[in-house]
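Summary of structural features
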Amino acid sequence: MNGWHATAALGRALVLGAVGLALALVAGDPAVVVLAAPFVVLAAVTLVHRPTRRPRIDSRLDHVALREGHGTTSRLTLDGAEDVEFVTRSAGQPPYVVQRPDGGRVGGLVSRGVPVVEIGPRRWGRRMLGEENVALYTPWAGFRFGPVERGGQPVRVLPATAPYDSRAEVPQPLGLVGRNRSRRTGSGTELAGIRPFQAGDRLRRVNWRVSLRTGNLHVVTTRAEEDTGVLLLVDALADHGVSGGVGGPASSMDLTVRAAAAIAEHHVRAGDRVALRVVGRGREQVGYGAGARHLRRLQDRLADLRVGDVGDGTLQLGVTGGAVVVVLSPMLAESIGTVAAGLTRRGVAVLVVDTLPPDAEPAVAEGVDPVLAGLAWRMRRVERSVVLDRLATLGCPVVAWRGPGTLDDVMRRLARRAQLPRVVSR
Amino acid sequence: MPRSQVVLRAVVLLGPVVALLMTGPAGHWPPWWLVLPLTGLAALGAVAPDSPVVAGAGLLVLVWWTVSLGNGVPVSVLVAAAALLAGHVAALLAAYGPREMALERATVLLWVRRGALVLLAVPGAWLVARVLRGQPEQPGIWVLAVAAACVATVVGTAAVEVRRAES
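First things first, this report covers the structure right here in the doc. Please read all numbers here as calculations on a predicted model, not as lab measurements. (Residues numbered from 1 in each chain as written. Chains lettered and ligands numbered in written order. Predicted model: local features only at pLDDT ≥ 70, side-chain atom pairs only at ≥ 80, totals over all residues.)

1. Let's talk about the overall build of chain A
Assigned secondary structure in chain A consists of eight helices and 20 strands. Counting across all 426 residues of chain A, residues that qualify as buried make up 42%. Looking at chain A alone, contacts between residues at least 24 apart form 71% of all its contacts between residues at least 6 apart. (Helix = DSSP H or I, 4+ residues; strand = E, 2+ residues; numbered from the N terminus. Buried ≥ 20, exposed ≤ 12 C-beta atoms within 10 Å, placed from the backbone. Contact = placed C-beta atoms within 7 Å.)

2. With respect to the overall build of chain B
What chain B contains, in helices and strands, is seven helices and zero strands. Reading chain B from its N terminus to its C terminus gives the helix and strand order α-α-α-α-α-α-α. A separation threshold of at least 6 residues defines the contact pool for chain B, and within that pool the share at least 24 residues apart is 77%.

3. Examining the interface of chain B and chain A
The partner chain A presents 42 residues to the 52 residues of chain B that form the contact. Looking at the side of chain B that touches chain A, the elements with two or more residues in it are helix 3 (53–69), helix 4 (76–94), helix 5 (105–119), helix 6 (121–132) and helix 7 (141–166) of chain B. A per-class count over the side of chain B that touches chain A returns 37 nonpolar, 11 polar and four charged. (Nonpolar A, V, L, I, M, F, W, Y, C, P; charged D, E, K, R; others polar.)

4. Notes on the sheet that holds strand 7 (residues 105–109) of chain A
Residue and element names in this part refer to chain A. Spatially, the five strands line up as an open sheet ordered 1-11-10-5-7, and their pairing is antiparallel. Of all strands in the sheet, those bounded by a partner on one side alone are strand 1 (4–6) and strand 7. Looking at each pair of strands side by side, their axes are set apart by 20° on average, direction ignored. (Pairing = 2+ DSSP bridges. Axes fitted to C-alpha atoms, helices over the stretch in contact; angles between N-to-C directions.)

5. Some words on helix 4 (residues 252–269) of chain A
Spanning 18 residues, helix 4 of chain A covers 26 Å between terminal C-alpha atoms, matching the ideal 26 Å at 1.5 Å per step. In terms of residue burial, helix 4 of chain A counts as a mostly covered element, since 16 of its 18 residues are buried. (Expected span 1.5 Å × (residues − 1).)

6. Describing the packing of helix 4 of chain B against helix 5 of chain B
Residues and elements named next belong to chain B. Where helix 4 meets helix 5, the closest approach of the two axes is 11 Å, and the angle between their N-to-C directions is 150°. Considering the angle they form, helix 4 stands roughly antiparallel to helix 5. As helix 4 runs across helix 5, the sense of the crossing is right-handed. Side by side, helix 4 and helix 5 meet where Ala82, Leu85, Ala86, Val89 and Leu93 of the first sit next to Val108, Trp111, Gly115, Val118 and Leu119 of the second. Residues that form the contact of helix 4 with helix 5 fall into these classes: nine nonpolar, one polar and no charged. (Parallel < 35°, antiparallel > 145°, perpendicular 65-115°, else oblique. Left-handed = near helix turned anticlockwise from the far one by under 90°.)

7. Comments concerning the environment of A:Gly113
Considering the arrangement of structural elements, one finds A:Gly113 in the loop between strand 7 and strand 8 (117–121). The spacing of A:Gly113 and A:Val87 is 26 residues in sequence and 9.6 Å in space, taken between C-alpha atoms.

8. Remarks on the pairing of strand 10 (residues 132–137) of chain A
Along any regular strand the residues' side chains alternate between the sheet's two faces. Residue and element names in this part refer to chain A. The buried count for strand 10 comes to five of six residues, which makes it a mostly enclosed element. With six bridges joining them, strand 5 (residues 86–91) and strand 10 adopt antiparallel strand pairing. Directly across from serine 90, in strand 10, lies its bridge partner asparagine 133. Taken together, the five bridges between strand 10 and strand 11 (residues 143–150) define a ladder with antiparallel strand orientation. Counterpart to glutamate 132 in the pairing with strand 11 is arginine 150. Two successive antiparallel strands, strand 10 and strand 11, enclose a turn made up of five residues, where tryptophan 140 displays a positive phi of approximately 70°.

The structure is reproduced here in structure tokens:
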């Protein structure tokens, strides 16, 4: 409904004024004139403020990317709004989005500033924010422009990084830079030992106390500090449980995505190279990389991931030796368990982060007997526990995501185990 | 629904009913079979203030005043006019947006001032009606009076707007 239209209020004032006067004239009743007089005045004043210009409406958000739980502001710009006195904004109700004023419905006088709507997405993903209907009113509310539909703006909502930090070193550092202690000696700060001086050793490495005591030059050797490759394998085959957005109950995908974002951020900040592989409908993947820009790329991919079955075919992860594979999964899909077991047998350091919420219930489709669905769900969980036990038997640790320190213990154990000689199948 | 919308819709409901009942003090209480349908219409208007139902309730009040009083101009007509106008302004404010939208204080105050300004026409019309009652009726006197009032209002408003624009 673009263009100016007379409002119901103007029509009411005209009708009551005109009919009142007509009745007074016909019946000769002056009391009705008294009743009709204010409506005649209202109609006259309203018609004086008939609009002459066509306003132009534009709206925009302050941000194009947000983190879940953060907020932005939708601002309305009016051009040629000399005839406008009042603005009404009525925003849509997209899922997992909160708006202020409540429900995104706000109106106000233009003279006091065009009202704004504050929008806060509560869940990661790509969301269309700022969709709304806008109506403009002339002074005395005689004419209305709109409601005009304003399209939204796509906003990428990045997963909130759950508070996560780990003091454990990564098992198999093989890179050139970073903060992980290597098995090889190099120019780090961690003491590796003291040995006799050899040609080529730097003089600043000479340990004078030992050299004086033994009569021969001795030097201090240190461990190198190196980075590692961390592959995050995200299971996006299905979403189990109910999501209430950030601060509410978390579904399996919520836990998976937030945990992946937190682990990625931790390792990137530690100087490690991190890669992402999503097993799901979108098959999103990001190669190994480091740095803030790479971290943002990882978060973008996590925000964009599409949940759904990947179809038939075996999973080829392209995992190279030396990388640590962190599998984030509710472990209800057979293929994920198979991949984790296969990698463990190959000698790759694999760690499974269990992201199935403890209170997850099956989504019962219409027409399905809930008792039957409940029985199937219990059977599925039994199978899952068997898979987890087998993985543990193979030496693949499985931990439930619980924020800071989740991976410390298992990372230390993996690091100790990586230093032992072993036979692997290839 | 926010409190402002509840209050406005209550006024939309009560305005026409009060205006109808104001013939009572003049000795013409409306019958129940008129009060009930009017209350129903006003309730519908309170639910949908942007609908023509609100005007329907107002028309019913005007018709009852015409039928019941004849040539009388009681003081209670002033209250009836104020109630009818209050119902109209409340419906206008409530129809500014969806029912979930709260109205800010500044808008309500602006319309209270406007309503009071418009209401000034009521005692004037009442005084003129009292003075002219019983006088031999001049042909076209009412039309002339209303036209004069309209012209005066329009000129006055235009002057106010021009002054505001200049300032």
